[in-house]
Amino acid sequence: MSSLRAKLTWVNVALLALGVVVATGVSVMGMRHYLLANVDAELTRSRDSLLNTGLTMKDVERLSELGIALDKLSPGGKEHASALPGGNTVFVAVNERGEPVAIGALAPTPRQRALAAAVDDPGAVAGSPGPQDIPLDGDAHRVVGAELADGTTVLMAADTEDVESGINKALRLDAAFGVVLLALLAVLTMISAHHRLRPLEDMVETASAIADGDLTRRVPSSRAPATETEQLRLALNSMLHQVESAFETRERSSAQLRRFVADASHELRTPLSAIRGYLQLYDKGMLRDPAERTRAWSRVIAETDRMGHLVDELLTLARLDQQPELRFRDVDLGRLVREAADDLRVQEPERPLTVFAEGPVLICADESGIRQVLGNLLGNVRVHTPADAPVTLGVERQDGVVRLRVADRGPGLAEEDAARVFDRFFRAGGGAGSGLGMAIVQGVVAAHGGEVGVETAPGAGLAVTVTLPARAAREAG
């Protein structure tokens, strides 16, 4: 299994198994040391008690056929029965050559002979401060020795089979408990991992859905998310939102580009068709009358100028789309407004015109761009409003920004037309003009970091407000 859930489960189980093994080993070693220490303590006390009596072998033989002596001195006697029960200890006396000797009428038993044979050097055992390990009849024993006053050596051995048996039982119990604990941990880890990794599975499903084209899909929130998982979910959803927005922007830009190319081709095709038609008439000699040739030539010139003006506006929009580096300097916006008003009075002397631009209003801007904004706004007024429709021009500084306002009392725009007033090649009602003037105004103002607002209604005229930010405006010195 190569899933993350399985790997986490196996890692947890392996770590717990290692911990169980280490803990079991330490506990078994500690228990074995404790139990053997108790056996050694009993053997040592029995040896010390025998040495403290100062008995000799003859004294032992005189004790009623060893009965009284065994009751008093043997580790299996009544005095030590609780610590060294009968059947688990062996008591034998050996001579200088390590051979077992009889105690009175009692001859050495086979078990006593085996103990004597198992000890290579009884004197060394008697001189040792602590018990030693020996094998006796295939079982492990602990043995101590005591040298009596007459030189006889007494060996006492205790069987440690009960200790080993207890240790083995404890080891089996620990192993069984460890297996159960490992199985329980594996099940709990699998359940917990499934619950904890569910947000990651949701992310995989979401990514797959987005790869299939569903850009609106988002990672759902889990009921009890971990901090890191929730942070990842929020970051992924934010990224997906940005991807969706970027994709929609690209699609919208592509659609606008296709529409822009189609509109530009349509606008250029009209003057080109007119020019081609007049040139064909001239080439075929159908313009014999000088007046007709003059009119045809005038139309060719007019259509050429129209096409040149359209190309200039397209180039302007292209430069604005590329975010050109403007030439910022101190510009008196009040002066530009007054000059634009004078131009409008010369072009349409009969139009009522009101100007609110007294005194200097200095801004840091590109003068040619601002002039183009004023020219396009007033050009729209001339083209789309009657010659007697009143016009108001004004400029003011307020709240750290400069506002330029051009308002007319013309026919105004419907709501759906006002929403598209900044679209390229849009002409309300199919009117005159190229439909690029307001798009250029918006592009120039945006390049200055400003905004353009429109207020209009059918029959209520049109008011355009250009707002330049505080960073582009400066107080007059």
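Residues numbered from 1 in each chain as written. Predicted model: local features only at pLDDT ≥ 70, side-chain atom pairs only at ≥ 80, totals over all residues. Heavy atoms only, no water.

All right, on to the sheet that holds strand β9 (residues 401-408) then. Pairing in this open sheet of five strands is mixed, and the strands run β6-β8-β9-β11-β10 from one edge to the other. Either end of the sheet is taken by a strand with one partner, and the two such strands are β6 (353-356) and β10 (451-456). Across this sheet, the average inter-strand angle for adjacent strands is 15 degrees, counted without regard to direction. As defined by bridge partners, β10 adjoins strand β11 (residues 462-468) across six bridges and the pair is classed as antiparallel. Residue Val 452 lies in a different strand from β11, and its bridge partner there is Val 466. Its contacts with the sheet put helix α11 (residues 367-384) on β8 (391-398), β9 and β11, and the angle it makes with β9 is roughly 20 degrees. (Pairing = 2+ DSSP bridges. Helix = DSSP H or I, 4+ residues; strand = E, 2+ residues; numbered from the N terminus. Axes fitted to C-alpha atoms, helices over the stretch in contact; angles between N-to-C directions. Contact = heavy atoms within 4.5 Å.)

Across the protein chain, the average pLDDT comes to 77, with 81% of residues at 70 or higher. Contacts of residues 77-87 to residues separated by more than four positions or lying in other chains number 16 contacts, the stretch itself having pLDDT below 50. With pLDDT under 50 throughout, residues 472-477 is counted as low confidence; its partners more than four residues away or in other chains account for 17 contacts. (pLDDT = per-residue confidence, 0-100.)

The next thing to look at is the nonpolar core. Grouped together as the largest cluster of nonpolar side chains are 37 residues, with contacts concentrated most on Leu 333, Val 337, Leu 377 and Leu 393. Those elements that provide at least two residues to this core are α10 (333-347), β7 (362-365), α11, β8, β9, α13 (437-447) and β11. Once residues within four sequence positions are removed from consideration, Val 337 is found in contact with Val 355, Ala 357, Leu 374, Leu 393, Val 395 and Leu 404. In this structure, Ala 93, Ala 146, Leu 148 and Met 156 belong to the second largest nonpolar core, which totals 17 residues. (Core = buried A, V, L, I, M, F, W, Y, C linked by side-chain atoms within 4.5 Å. Buried < 20%, exposed > 50% of the residue type's maximum accessible area, 1.4 Å probe, protein only.)

Relative to each other, α10 and α11 sit at 35 degrees, their axes nearing to 10 Å. Considering only the axes of α10 and α11, their crossing is right-handed. Across from Leu 333, Arg 335, Leu 336, Val 337, Glu 339, Ala 340, Leu 344 and Gln 347 in α10, the residues of α11 making contact are Glu 367, Ile 370, Arg 371, Leu 374, Leu 378 and Arg 382. Tallied by class, the residues present in the contact of α10 with α11 amount to eight nonpolar, one polar and five charged. (Left-handed = near helix turned anticlockwise from the far one by under 90°. Nonpolar A, V, L, I, M, F, W, Y, C, P; charged D, E, K, R; others polar.)

A few words now on α11. The first and last C-alpha atoms of α11 sit 26 Å apart over 18 residues, in line with the 26 Å expected at 1.5 Å per residue. Among the residues of α11, Glu 367, Gly 369, Ile 370, Val 373, Leu 374, Asn 376, Leu 377, Leu 378, Gly 379 and Val 381 are the ones counted as buried. (Expected span 1.5 Å × (residues − 1).)

Glancing now at the pattern of salt bridges. Two side chains carrying opposite charge are able to pair once their charged atoms lie near each other. A complete count under the given rule lists 12 salt bridges for this structure. With a shortest N-O distance of 2.7 Å, Asp 40 and Arg 142 are connected by a salt bridge. Of the two residues, Asp 40 sits in helix α1 (residues 4-53) while Arg 142 sits in strand β3 (residues 139-147), which places them 102 residues apart along the sequence. Taken individually, Asp 40 and Arg 142 each receive the classification buried, so the pair is uniform in this respect. Linking Glu 339 and Arg 371 is a salt bridge whose minimum nitrogen-to-oxygen distance equals 3.0 Å. Of the two residues, Glu 339 sits in helix α10 while Arg 371 sits in helix α11, which places them 32 residues apart along the sequence. Note on Arg 371: relative accessible area 36%, which makes it partly exposed. When salt bridges that share partners are traced, they join Arg 329, Arg 335, Glu 339, Glu 367 and Arg 371 into one network. (Salt bridge = Lys/Arg side-chain N within 4 Å of Asp/Glu carboxyl O.)

Here we take up a nonpolar patch on the surface. A cluster of nonpolar side chains, namely Leu 4, Leu 8, Leu 200 and Leu 232, defines an oily patch on the protein surface of about 320 Å² accessible area. A relative accessible area of 42% places Leu 232 in the partly exposed class. (Patch = residues over 30% accessible without salt bridge, like charges linked within 9 Å, V, L, I, M, F, W, Y side chains within 5 Å. Areas by Shrake-Rupley, 256 points an atom, 1.4 Å probe, with all protein chains shown as cover.)

When you line up the elements, Thr 153 lands in strand β4 (residues 153-159). Those residues in contact with Thr 153 that lie beyond four places of it in its chain are Val 92, Ala 93, Val 94, Pro 122, Ala 126, Ala 146 and Glu 147.

With that settled, the discussion passes to the sheet that holds strand β2 (residues 132-136). Pairing is antiparallel across the open sheet formed by four strands, whose spatial order is β1-β4-β3-β2. Two strands bound the open sheet, and with one partner strand each, they are β1 (89-94) and β2. Taken over all neighbouring pairs, the strand axes of this sheet differ in orientation by 35 degrees on average, direction set aside. Where β3 and β4 come together, seven bridges link them in antiparallel fashion. Bridged to His 141 within β4 is Asp 159. Here α1 sits on the sheet in contact with β1, β3 and β4, set at roughly 25 degrees to β3.

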